[in-house]
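Inside the fold
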Amino acid sequence: MMRAFLVVFVKEIVDNLRDRRSLTVALLTALTMPLLILFLISFQIERFSDSDEQSVTLPVIGAGHAPNLMRYLESRNIEIVEGPADATAATEAVEAGDRDAVLLIPDDFGEQLADMIPATVALYSDQTNTAGNSEVGRVLDALYGYNQTLAAIRLSARGVNPTMLRPLNIDNIDVSTPSGRAAILLGMMSYIFLFALLLGGMYLTIDATAGERERGSLEPLLSLPVTRTHLMFGKIAATCVFMSFSLSLCLMSVFVSLKLVPLEQLGMTPNFSLDVVLAAFLLLVPFILAGAAWMTLFASFTKSYKEAQTWLGFVLLVPTLPILIVSILTPQPRFEFMFVPALSQHLILVDMISNEPVNGLHVAVSALSTLAVGAILTWVCVRLYQRESLLG
Amino acid sequence: MHGAQFRDAFLCRLLGADSVIRVEGIHKSFGEVHAVRGVSFDAPNGKITGLLGPNGAGKSTTMRILCTLLKPDLGTATIDGADVVTDSLAVRRRIGSLPHGSGLYPRLTARENIAYYARLCGLGQDVIEDRIDEIVQALEIGDFANRRAKEFSHGQRTKVALGRALVHDPQNLVLDEPTTGLDVMATRGLRDLIEKLKADGRCILFSSHVMQEVAALCDDICIIANGMVAIHGSVDEIRQRTGREDLEDAFVAALGMVETK
């Protein structure tokens, strides 16, 4: 009776390959998701390179009152241009978003400086304008730098060591490796793989269960001398093949997309070599069965194509929910998490991509527990298929 | 397995076992609805037995019990001696079913639809093509055998579905309102086919809610109403027992007999 299982399996594959809808969904998810990553990363790169290399243009009112300051700012790659007429005009320009920041130097700046009174300069900026924040930050940094320099000069002139003004030497050391930073952005890739995986098999599942019932082809099928267990196994196996296909396509298109993005510019060296692509595929294989059985479970409950589709969002959300919850709480892989399908794959995948060592025990626990969940769900599907009310 | 089917069918014909579908006092409820309440009848080989009754009388439920899709709450049903509950796989091996609506796969061609069932029934790859050719010829569906079922007319679909039900050469056929929605010519073609299958010595159970159709085709008629058998016999017997010459009047009178039971 092994043959009946194979017959159902082959028929579902052939039948669904002829279904434009299920193929389109599988192809579109696999191909558009990586494009989304591509777009997001490129956007990051643009912002990143913007802030460091290009010079900032700063309109200054009363630049003539502080020629030394202007020279200092220019040395910090800040280009000084003629500012608006007065403070009111400056406020308006910043408010309107015409300018990110305007520096105002009062007429008595030079006198105050000479008299050792704290000399006032005003920097007009709009905190809610996030695009200009990095430029304002750089101007502020430069102003603080000038402040320090002047203070040091004054102290030296009086024979005081300027380092007295620095009781603390704050060394801000960023221990995140470049690829670790990449992992934050690339962490969402596992979402994309899981979605591509589930969506790839979605329409076949619905067609093979709810669709079969709706078309009225289920009744004659169940009247054949074949056990329902074989029918169910064949259908789930066909779903698994579609899911694997969709996953491989998605992995390959991410692989190609990442080649097109100059990630080094972001200080990122994510590891997405062919080895990792293959390892990611193998890592996700146990999840294919769990996902296929999970979707079949829902599709067998529903009476029609439409009803099955209304559950689609929920069915996609549930497996990815643990990832969302845990990534808000703590991103570190923990042993207990390895028992949770989807979540365990996500955590291991992030490690792999960010070049961290992967714990073999974690991989084994993840694979075994996910397979176990898949087997239990398959068993539930088979049980559901024995119900009399199946025919509706 | 296929050999076993042929042997069974052969033995049945050889021994002249005349009662192959036997239903004894079956009951079936769906929640509050008591759909079938003690239906009993026999359907012999080489005859067409008609299950006649208004919509909702319990015909489909009875047929689904025979196809092992539903389990009776009470009573037994056997096909060639195999019990529908305890020996369901053997029952399904001996039965070909044509349920309400054809239930073809729209993206498969007629041949592929038939071949799918042939493979599921365990026919060897070497005999499948010959068997399909045989069916295509017998059912005269050659014109559209290689077209996808999506484009078929209702009559074409019914024919292909019948061919599909015949693929494992079942001794018994259960046809649930096969002529519903068919035009005159298609109905006539289907009727001829059923006659041919009867001539092969098969046991055919045919349900309908149209008295004239059952009278024209069936040797025995079992009128069902409210989940009970009102009357069972040949057309003439029914005329005699109801005392009505007109078939429709006889049908109505038979339904009345259930009400007074």
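Since the structure is predicted, the reported quantities are computational estimates derived from the model, not experimental observations.

Cut-offs used in this document
- Residues numbered from 1 in each chain as written.
- Chains lettered and ligands numbered in written order.
- Predicted model: local features only at pLDDT ≥ 70, side-chain atom pairs only at ≥ 80, totals over all residues.
- Heavy atoms only, no water.
- Domains from an automatic or database assignment.
- Core = buried A, V, L, I, M, F, W, Y, C linked by side-chain atoms within 4.5 Å.
- Buried < 20%, exposed > 50% of the residue type's maximum accessible area, 1.4 Å probe, protein only.
- Contact = heavy atoms within 4.5 Å.
- Buried area = accessible area lost by both parts, 1.4 Å probe.
- Salt bridge = Lys/Arg side-chain N within 4 Å of Asp/Glu carboxyl O.
- Polar contact = N/O pair within 3.5 Å; in protein donor to acceptor, adjacent residues only side chain to side chain.
- Helix = DSSP H or I, 4+ residues; strand = E, 2+ residues; numbered from the N terminus.
- Nonpolar A, V, L, I, M, F, W, Y, C, P; charged D, E, K, R; others polar.

Taken as a whole, chain A is organised into domain 1 (2–45 + 179–391) and domain 2 (57–173). Using only C-alpha atoms to locate each centre, domain 1 of chain A and domain 2 of chain A end up separated by 55 Å.

With that settled, the discussion passes to the nonpolar core. One finds Phe193, Leu221 and Phe272 of chain A together with Leu120, Ile221 and Ile223 of chain B to be the most contacted residues of the largest nonpolar core, which totals 162 residues. Setting aside chain neighbours within four positions, we find phenylalanine 193 of chain A in contact with Leu247, Cys250, Leu251, Val254, Phe272, Leu284 and Leu349 of chain A. Listed in part, the 19 residues of the second largest apolar core include Val56, Leu58, Ile78 and Leu143 of chain A.

Our focus in this paragraph is the interface of chain A and chain B. Listed as interface residues are 27 residues of chain A and, on the opposing side, 32 residues of chain B. For chain A, the biggest contributors to the area lost against chain B are Arg18, Pro225 and Glu388 of chain A; these three give 25% of the whole. Counting the contacts that link chain A with chain B gives six salt bridges. Notably, a salt bridge pairs arginine 64 of chain B with glutamate 219 of chain A, separated by 2.8 Å at the nearest N-O pair. Our count for the contact surface shared by chain A and chain B stands at 13 residue pairs in polar contact (both at pLDDT 80 or more). Going through the elements one at a time, helix H1 (2–17), helix H8 (188–215) and helix H9 (218–222) of chain A are the ones with two or more residues in the side of chain A that touches chain B. Sort the elements by how many residues they give to the side of chain A that touches chain B and H1 of chain A lands first, with seven residues. The class makeup of the residues in the side of chain A that touches chain B is ten nonpolar, six polar and eleven charged.

Residue and element names in this part refer to chain A. Mapped onto the fold, serine 304 is located in the loop between helix H11 (274–301) and helix H12 (305–310). Serine 304 sits in the buried class, given a relative accessible area of 18%. In this structure, serine 304 is in contact with Ala210 and Glu214, ignoring residues within four places of it in sequence.

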